[in-house]
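# Architecture and fold: a report
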Amino acid sequence: MTRAERVSRNLNRALHALFAADERAWLLGEDVADPYGGAFKVTQGLSTAYPDRVLSTPLSENGITGVAGGLALCGDTVIVEIMFGDFAGLAFDPILNLITKSVAMYGERTPMRVVIRCPVGGGRGYGATHSQSPQKHFIGIPHLALYELSPLHDAADVLAAALRRDEPAMLFEDKILYTRRRYVDGRVDDRLAFELRGADGNWARVHDPDATGSPTLVIAPGGVANRAIAAATRAAERGRTVEVLVPARLYPVDVDGLRDLLAGAHGVIVAEESTAGGTWGSEVAARLHAEAWPLLRGPVELVSSADRVIPSAPHLEQAVLLGTDAILDRIMRLPAVPAATGDRGGPTDAAPATPAGVSPGVPVDVPRLNPNDDSYVLLEWLVADGVTVEAGEPVAAVETSKAIEELAATQAGVLRQDVAAGADCAPGAPIGRILPESAVPASVDTPGSPAAAYPEQVEAVGTRSATPGRPLPPAQRRIADVVSTSHREIPVAFTAVRVDVTAALAYARRAADQTGATVGLTEVVIAAVAALHERFGALYARLTGDGLVVDAEAPSIGLTVDVGTGLFLPVIRDAAGLDLGDLADAVVALRMKALRGRLREEDMAGMNFLVALNDTPGVTVARPIIPPGVTCALSVPDVHREVVLDGDGGVRERTVADLGLAYDHRLVNGAQAGAYLAALGEVLQR
């Protein structure tokens, strides 16, 4: 598969190609010149290559766009960068009254080749005035086209389509996408494919080629596309078929590119990050209702961010902005497609009902999730007792020592819970049953009440006598089990050294600028640990129960992630084979999975070295726990500054971290640990 560029690099390459091909192209914006290269590094290298045509301007969006209009009237091509899309309001007057009107108000058509680039959207903690999605405010201005960058469209194609119109355009770029990689080769992942369709390849259709049945269509632009794709994946786990449609051009809306898909769709949802009211989604719905009503099975539904000012605090920002969960909720609220239907919902041969006298019920069994655990915790029931569920719908969450797994219903019916939430459950044991609705007796009490339908079973559950104190939450219970096993079975020794990380931090900043990824000391340390595997194989080996040492073929580095509800240890496999940008992407992806409760057993498997982050401000030394099956754990505490004497007796300041290595003394001795830490320090100080 082709190695995908990051979205920011793809856009940067497109701008370079435009300037190479068009000698009358200009770039205007605040801080766009090298070495800064724009607030999001999209314009890097352009001022060096084209110093006379790439100009950093004063801080005046109104002035920048006014100059752009004058250059366009002279026949030039102008790219304007608005540092944050929130400030596009300051340019509204020249956009509305000069640049767009100039196309037609001089008695003949005048080409106005202006593209105004606007970084938009939240998700980065920039707060109320730097995180908005103002696209809706520019809809309906004559001769103004609106585009939005996505991970499925090549930026060069989008720019070319915008400039071919010889009319002004605005290109919105979701900031959250800049460091993400594009989708290429027609694949999103192992299950989902995508194709470009319509004029100029405007619509990207993301779908499962093996899916059957009428799909729900989710129309989502820009950075919302990834959230819609994630929601589609989770909906598929619940038995729904969902396709995601991602436009490059927002306005004018291209309905023709959707007609054949609408004919077989179960429903249509438009998802966008702006607040509700006068939105792009409303425009899409109006156009579909007006031009494709006979093809729709119901009204087009809209889902947006909350009608609130966007906070800076990550947890509050997440609560306001449109996320995957909100899109998934809207998908699941649509009536399910009947299992026994034809392409347009007509009846087909249905499965026969359960014969009278047959004992109903299909068990909800706990599968073998982790070979190291003899029991798990039934963390919670996701569906209430006595409620009808669909085949594939998650009904329970089970926690192992490493992850939380959802258990899905294997058939439609009424859920009967046999084990209480919080109880232990064994692999292979049933925790409940799915009963055919025909087998559930009528209640003599409240309709649907399991207590009325199964009085003898409710009584059999019994009650536990009250005991003083409160139990540990399930997540902490599992952490306690791991810690107890570690202390009981592993003879741990510990060594710490002070390492000058000034050079490592500078390297991380350079790597972040060069790759567009989020690179910090953590990623540099993980890369260094992976690189030392060949020299210090014993520190990555494991000891079996019968005393055999098994060497690791490649370094798979575990990382501690604390999301406030529990400590998780996801694993970066074959870490030595990743460049620093890819490694940083992997760290971000695992942290986001942990934050959203989506980590799975496969994300935790195969660790042979642990990097334990203890970087709470003020923590200078920490002794990590070695998980069973691992030989070494390296603690990375908070960095701090210190003043030292140099070789000439002068004074200098440096940034240091006290790296600590906990190691299984059965496999590693003190001399090996000291040599390893010395080698790690050398790598970090290069």
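What you see is a predicted model, and the numbers here were worked out from it, not measured in a lab.

## As for the packing of aromatic side chains
- Going through the model one piece at a time under the given rule, you end up with 11 aromatic pairs.
- Judged by centre distance (5.5 Å) and plane angle (75°), the ring pair of Phe 40 and Phe 84 falls under edge-to-face. Placement of the pair is Phe 40 in the loop between β1 (25–29) and α2 (46–49) and Phe 84 in the loop between β3 (77–81) and α4 (92–99), with a sequence separation of 44 residues. Summarising the burial analysis for this pair, Phe 40 and Phe 84 share the class buried.
- Their ring planes at 65° and their centres at 5.9 Å tell us that Phe 84 and Phe 87 sit as a pair that is edge-to-face.
- For Phe 84, a relative accessible area of 11% translates into the label buried.
- Residue class for Phe 87 comes out partly exposed when judged on its relative accessible area of 21%.
- Pairwise contacts between aromatic rings join Phe 40, Phe 84, Phe 87, Tyr 126 and Tyr 178 into one cluster.

## Digging into the side chain of Asp 582
- Structurally, Asp 582 can be placed in helix α16 (residues 580–595).
- Residue class for Asp 582 comes out buried when judged on its relative accessible area of 16%.
- A polar atom in the side chain of Asp 582 sits 2.5 Å from the side chain of Arg 181.

## A look at the pattern of salt bridges
- All told, the structure shown has 35 salt bridges when counted by the stated rule.
- We note a salt bridge from Glu 173 to Arg 117, for which the minimum N-O separation is 2.6 Å. Remark: Arg 117 occurs in strand β4 (residues 114–120) and Glu 173 occurs in strand β6 (residues 169–174); sequence separation between them is 56 residues. For the pair Glu 173 and Arg 117, one class covers both residues: buried.
- The salt bridge involving Arg 240 is made with Glu 390; its shortest N-O contact spans 3.8 Å. Separated by 150 residues along the polypeptide, Arg 240 in the loop between α6 (224–237) and β10 (242–247) and Glu 390 in the loop between β16 (388–389) and β17 (394–399) bring together distant segments of the chain.
- By relative accessible area, which is 9% here, Arg 240 ends up buried.
- Within the structure, one salt-bridge network assembled from shared partners comprises Glu 195, Arg 197, Arg 205, Glu 243 and Asp 260.

## Topic: the confidence of the model for the protein
- Looking at the protein as a whole, its pLDDT mean stands at 86, while 89% of the residues score no less than 70.
- In the model, residues 339–359 has pLDDT below 50 throughout and makes 16 contacts with residues more than four positions away in sequence or in other chains.
- The low-confidence segment residues 442–466 (pLDDT under 50) makes 18 contacts with residues lying over four places distant or belonging to another chain.

## Examining the pairing of strand β18 (residues 404–408)
- Burial of β18 is one-sided: the residues Glu 405 and Leu 407 facing one way are buried, the residues Ile 404, Glu 406 and Ala 408 facing the other way are not.
- Pairing of β17 with β18 involves five bridges; the strand directions are antiparallel. Bridge assignment links Pro 394 to a residue of β18, and that residue is Ala 408.

## Here's the deal with helix α10 (residues 324–333)
- Along α10, the residues that are buried comprise Thr 324, Ile 327, Leu 328, Arg 330 and Ile 331. Within α10, the buried residues cover an arc of 160° as seen down the axis, which keeps them to one side. Summarising the geometry of α10, the exposed residues directed more than 90 degrees from the buried face are Asp 325 and Arg 333.
- In the core, the buried residues of α10 are packed alongside β9 (216–219), α6, β10, β12 (267–275) and β13 (301–305).

## Brief notes about the side chain of Asn 12
- When you line up the elements, Asn 12 lands in helix α1 (residues 7–21).
- A relative accessible area of 11% means that Asn 12 is categorised as buried.
- For Asn 12, the residues in contact, after removing those within four places along its chain, are Lys 41, Val 42, Thr 43 and Gln 44.

## Observations concerning the sheet that holds strand β21 (residues 430–435)
- Spatial strand order, β14-β21-β19-β16: four strands in an open sheet with antiparallel pairing. Two strands lie at the open edges of the sheet, namely β14 (362–365) and β16, each paired on one side alone.
- Looking at chain direction, strand β19 (residues 413–417) and β21 are connected through four bridges and run antiparallel. Directly across from Val 414, in β21, lies its bridge partner Leu 435.

Parameters at a glance
- Residues numbered from 1 in each chain as written.
- Predicted model: local features only at pLDDT ≥ 70, side-chain atom pairs only at ≥ 80, totals over all residues.
- Heavy atoms only, no water.
- Phe/Tyr/Trp six-rings, centres within 6.5 Å; stacked < 30°, edge-to-face > 60°.
- Helix = DSSP H or I, 4+ residues; strand = E, 2+ residues; numbered from the N terminus.
- Buried < 20%, exposed > 50% of the residue type's maximum accessible area, 1.4 Å probe, protein only.
- Polar contact = N/O pair within 3.5 Å; in protein donor to acceptor, adjacent residues only side chain to side chain.
- Salt bridge = Lys/Arg side-chain N within 4 Å of Asp/Glu carboxyl O.
- pLDDT = per-residue confidence, 0-100.
- Contact = heavy atoms within 4.5 Å.
- Pairing = 2+ DSSP bridges.
- Arc of directions from axis to C-beta.

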